[in-house]
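For reference, the chains in residue letters:
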There are 4 protein chains.
Amino acid sequence: MNGKRSFAIVGGDLRNIKLGELLSDEGFSVKLYGFEGVEINQKELKAESLKEAVDDADVVVGPIPCSQDDQTLHCAYFEDRIFINELFRQMNKNQIFIAGMINDRIKHMAEAFNVYWADILDREEMAVLNAIPTAEGAIQLAMEELPITLHNSNILVMGFGRIGKILAKMLNGIGARVYVEARKHSDIAWIESYGYTPIHLSDLYDHLGNFDIIYNTIPYIVLDTPELDRVRRDCLLIDLASKPGGINFQKAKEMGRKCIWALSLPGKVAPATAARFVKNTVFNIINDLGL
Amino acid sequence: MNGKRSFAIVGGDLRNIKLGELLSDEGFSVKLYGFEGVEINQKELKAESLKEAVDDADVVVGPIPCSQDDQTLHCAYFEDRIFINELFRQMNKNQIFIAGMINDRIKHMAEAFNVYWADILDREEMAVLNAIPTAEGAIQLAMEELPITLHNSNILVMGFGRIGKILAKMLNGIGARVYVEARKHSDIAWIESYGYTPIHLSDLYDHLGNFDIIYNTIPYIVLDTPELDRVRRDCLLIDLASKPGGINFQKAKEMGRKCIWALSLPGKVAPATAARFVKNTVFNIINDLGL
Amino acid sequence: MNGKRSFAIVGGDLRNIKLGELLSDEGFSVKLYGFEGVEINQKELKAESLKEAVDDADVVVGPIPCSQDDQTLHCAYFEDRIFINELFRQMNKNQIFIAGMINDRIKHMAEAFNVYWADILDREEMAVLNAIPTAEGAIQLAMEELPITLHNSNILVMGFGRIGKILAKMLNGIGARVYVEARKHSDIAWIESYGYTPIHLSDLYDHLGNFDIIYNTIPYIVLDTPELDRVRRDCLLIDLASKPGGINFQKAKEMGRKCIWALSLPGKVAPATAARFVKNTVFNIINDLGL
Amino acid sequence: MNGKRSFAIVGGDLRNIKLGELLSDEGFSVKLYGFEGVEINQKELKAESLKEAVDDADVVVGPIPCSQDDQTLHCAYFEDRIFINELFRQMNKNQIFIAGMINDRIKHMAEAFNVYWADILDREEMAVLNAIPTAEGAIQLAMEELPITLHNSNILVMGFGRIGKILAKMLNGIGARVYVEARKHSDIAWIESYGYTPIHLSDLYDHLGNFDIIYNTIPYIVLDTPELDRVRRDCLLIDLASKPGGINFQKAKEMGRKCIWALSLPGKVAPATAARFVKNTVFNIINDLGL
């Protein structure tokens, strides 16, 4: 992959458009395909066909996540369908396909067509960076929904993984009183060392009535009927965890609790920043592979 | 004013309704008047007439600001008009009228009717506390408007008064790169000591092209045509200063700059918190007066 | 282990004395042995013999680290020697021995005498908590050594493990400009998300001339002759890593660089806090074992 | 004062030596006089006589503070005496004398000799900047004295002026639980907005038993016998206020309380940083005067 690399961006959402513009601004050759219903600042980047987009590319960037039906690329702004096997057929063995959540079926297709691939969501740095816009989006939601300031309010963050860490830091930075729930002794130690109030899972139930906002980042049900019963009526519940999430939404609504399931925030609240993170990670992948 | 004080809340916006509810929750006798078009949780607080509201009150709380025409109380949720002189006629010399921006004409009326008054916006602590929801509202606006995260973005705050100080602190707490413009050497020293990058007014022009967001808190025009010309096209301008503000809006719009004049944020973004601040300040006034 | 547990504290440094006092203050039965040359506030806690100390104990806490010669307990304040096998002989199978750095030879002895043991330094939460006094001690050292404030100075932290994370946070909290060196892309992402300036190991050499202070937390040589040659003459080098450390001290001194190898800070700078952390971890061990 | 200005530094402490070196490093002509018992890196800066030092200078910088006896300059490193009137006799009307705490007697002398002067300690920015090394020195002291970490300890700061503000911020940044005492409602509001726990002077007495460290910045006695009686025995008291200070030291010692009166910290703990602040302020003075 000598000289300046060239990129094909095929399908995806606003992030991928911004990614194309970013790469083009930095002098890379870029072709975009799979974006019809949306305005693109640099129109000349658009390819007329999949073949035109892919032919001269060193790197083909697909959607994040890659597909919703395991057959076609996920395209937020395209009426036609781009079949994954059609894309793979166009690619040669010197190109690499980078996208998100490349599952086993898609991997098999890649193998069948001899396509080299890398899953961007397997990259730890991508997951860490995505936690930044996720946390900001989570803060924005609470600001929009509540008649109180986050400053000086009592906020519980459940889970101290990537999102939990960055969300807790930002909430603390705005002036909230931050409580973090965790199970592991070492996480409790980290929470204490960062200056938040730790709550061990075994003590959670007793504290649930104290919060103005509860954020969940744990991907299994933590707040079910008995727990929800303890939560204050005016408390806002925001679930940031992927399916099945940590809050029993059905019950929460029946019990009149205000809750929001906020998924895929990076692409929604900060597509330009998210695109920059994708770009950096794409280059990390390329460099680590020695391409 | 022995025993538990009683309050009349007459006119105003959502904040005053929340104020009434807060006081009632704490066991004070409260009457609300001037809120027709809005739901109130505790319906029994509503008075049928101005006289009923005011008669047994020790403290009469009016709108913040008090009036827009110097004749009637500012009522966000009332079709009728409440004349200020009518209110003052109902009041006796043992009662106190507390509202915001009580100007000379209203003061004269108060004098004529022998009504004792205090302007809540003259209270320094009220102005400081109001800067908290103002800063949060300013952050929410930027989050809603921009496709980037505040984290790691370059943000200029013009002015280092109450709002400037708290806004800079919160932005820094979220992870933004914060620059603060000021004129006084001592403010420059404060800005440096708080860890933001100071920009002296005399150097401002040279730096204007570096920012993703510019917040103004200075109440006179700082950004006029030449300055706006330096500002990046994708920079968001948010003016938090009262009239005439610090940005030439007419020009900014002609030049295609994205700008928002955000006034009265506390009552809009966090009426419950703002009401709590009003309540605390009302009690400070009462205590300081020895009532 | 029904009812209130009883403890024997045998050997060690100031931390273990404080630990005994803490436990006694909380109503536990405590015996101290192996502290002759030092004053103890609660004299009645001292046992006359090893046997007296150990006999009624549920938990026997030894030194952290346990031994320097694999034969005797490490005692900072005792002229006699306490042989580990002698201690183990006194213990019965219902007791547990908790100490630090219990190596293979000591484990074999424990096995031979049927003594149940747990190494407190294997506990992740202990390592995390110890990073707090280590970081404060590291800050104190720099304050004492340098004629400049940490505020606004340029400080490099090499490594982003437990100590690196907490040290960077505290330095940032005091107002230093914090740079953190790391190798992994994910650590670079974390460093960026926490608001410090990341420096990838591969770029380190170019930046070495910019710092007022360099802290190392990496346990292998990173700064050798060529790197040290880049470091400013007035830069203070503080190595917090255990042997062999990350700085070639021999060379650094020959080259006139000011460097300090700061080990075992918790027991030195904050024995009372360190004892509290030991206490909490001892209870975590006991609870996790269901004792 | 056209072209590059030249400076005479006459008397003072380590800060003034560093100031001379800083100015020389930046290409200014500098003469030092009044520093015998101390090594100076750039020996060529030393003048043989007061006359030689002063003759070609545009700016004469004296000690901070200027004098302890109103007759001679305060010289930390000079056995001889430099009489102020002798210095003023050497100066002409185109020169300016800048020093600290120029009191009425010295002002009269300046008038008599037609010497133009400016007091650097009258400059608000100097006072603000000096609060930075003062706060760091205060933190260093507590770290050295106490067997606990500042992290997670309960610390009271009395007074919310310059030093109180910066000290509270740094303590919070290290992870302490910060309480700030103040009297004014507006200061209470600021303290709350910055995220510390405010304690009104009228409630202070009830809280005094809760702290590990108490810092005073108020220049009149706040902690007298009854208050000291409430303070915990192991609490460290550090007074940062100039005479008479805020703690009755006599009583505190009689009552076995550990207390330190820490004055003039900037020159002691961070002379190089303090010199940089002096330099910046000297230039602000010169520029503001249009020299």
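Right above here is the structure, for reference.
What this report covers is the structure whose coordinates are included nearby.

Scoring rules and cut-offs
Residues numbered from 1 in each chain as written. Chains lettered and ligands numbered in written order. Predicted model: local features only at pLDDT ≥ 70, side-chain atom pairs only at ≥ 80, totals over all residues. Heavy atoms only, no water. Least-squares fit on C-alpha atoms with pLDDT ≥ 70 in both. Contact = heavy atoms within 4.5 Å. Buried area = accessible area lost by both parts, 1.4 Å probe. Salt bridge = Lys/Arg side-chain N within 4 Å of Asp/Glu carboxyl O. Pairing = 2+ DSSP bridges. Helix = DSSP H or I, 4+ residues; strand = E, 2+ residues; numbered from the N terminus. Axes fitted to C-alpha atoms, helices over the stretch in contact; angles between N-to-C directions. Polar contact = N/O pair within 3.5 Å; in protein donor to acceptor, adjacent residues only side chain to side chain. Nonpolar A, V, L, I, M, F, W, Y, C, P; charged D, E, K, R; others polar. Patch = residues over 30% accessible without salt bridge, like charges linked within 9 Å, V, L, I, M, F, W, Y side chains within 5 Å. Areas by Shrake-Rupley, 256 points an atom, 1.4 Å probe, with all protein chains shown as cover. Lys, Arg positive; Asp, Glu negative; His and termini not counted. Charge placed at Lys NZ, Arg CZ, Asp CG, Glu CD. Buried < 20%, exposed > 50% of the residue type's maximum accessible area, 1.4 Å probe, protein only.

The next subject is the relation of the copies chain B and chain A. The transform that puts chain B on chain A rotates by 180° and translates by 0.0 Å along the axis, for an RMSD of 0.0 Å. Expressed as a symmetry operation, the mapping of one chain copy onto the other fits a two-fold axis. No C-alpha of chain B approaches the rotation axis more nearly than that of G173 of chain B, which lies at 1.8 Å. Here 100% of the interface residues in chain B have copies in chain A that are interface residues too; the copies meet face to matching face.

Turning to the interface of chain B and chain A, a few remarks are in order. When the parts of a complex come together, some accessible area is lost, and that lost area is often taken as the interface size. On the side of chain A, 25 residues touch chain B, which itself brings 25 residues to the contact. Summed over both partners, the interface of chain B with chain A comes to about 2000 Å²; 58% of that surface belongs to carbon and sulfur atoms. Counting the surface chain B buries against chain A, the share from its top three residues, E136, M143 and T149 of chain B, is 28%. Viewed at the interface, chain A and chain B are joined by zero salt bridges.

Overlay of chain D on chain A (RMSD 0.1 Å): rotation 180°, translation along the axis 0.0 Å. A symmetric contact is evident, with 100% of the interface residues of chain D recurring at the interface of chain A.

The subject of this paragraph is the sheet that holds strand β8 (residues 197–200) of chain C. All names here are of chain C. Read from one edge to the other, the open sheet built from six strands follows the order β8-β7-β6-β9-β10-β11, with strand pairing classed as parallel. The open sheet has two edge strands with one neighbour each: β8 and β11 (258–261). Across this sheet, the average inter-strand angle for adjacent strands is 20°, counted without regard to direction. Where strand β9 (residues 213–216) and strand β10 (residues 236–239) come together, four bridges link them in parallel fashion. Bridge pairing in β10 links N216 to D239. Of the strands in this sheet, β9, β10 and β11 touch helix α5 (residues 124–145), which is tilted by about 155° from β10.

For the rest of this paragraph, the subject is the interface of chain D and chain A. Each side of the interface is counted separately: chain D has four residues, and chain A has four residues. Interface of chain D and chain A: buried area, both sides summed, is about 330 Å²; carbon and sulfur atoms make up 36% of it. In this structure, the connection of chain D to chain A is made through zero salt bridges. Along the contact surface separating chain D from chain A lie four residue pairs in polar contact (both at pLDDT 80 or more). Class assignment for the residues of the side of chain D that touches chain A results in no nonpolar, three polar and one charged.

Residues and elements named next belong to chain A. Side chains of E36, E48, E79 and D80 sit close together on the surface and give a patch of like negative charge. Summarising the element assignment, E36 is placed in the loop between β2 (29–33) and α2 (50–55). For E36, a relative accessible area of 47% puts it in the partly exposed group.

The next point concerns unusual backbone geometry. In this structure, the amide linkage connecting I64 of chain A to the following residue, P65 of chain A, adopts the cis form with an omega of -5°. Looking at the element boundaries, P65 of chain A is found in the loop between β3 (59–61) and α3 (84–90). With an omega of 5°, the peptide bond between K243 of chain A and P244 of chain A qualifies as cis. Inspection of the secondary structure puts P244 of chain A in the loop between β10 (236–239) and α10 (249–254). A positive phi angle is found at M101 of chain C, which is not glycine, with a value near 50°. Within the secondary structure layout, M101 of chain C lies in the loop between β4 (96–99) and α4 (104–112).

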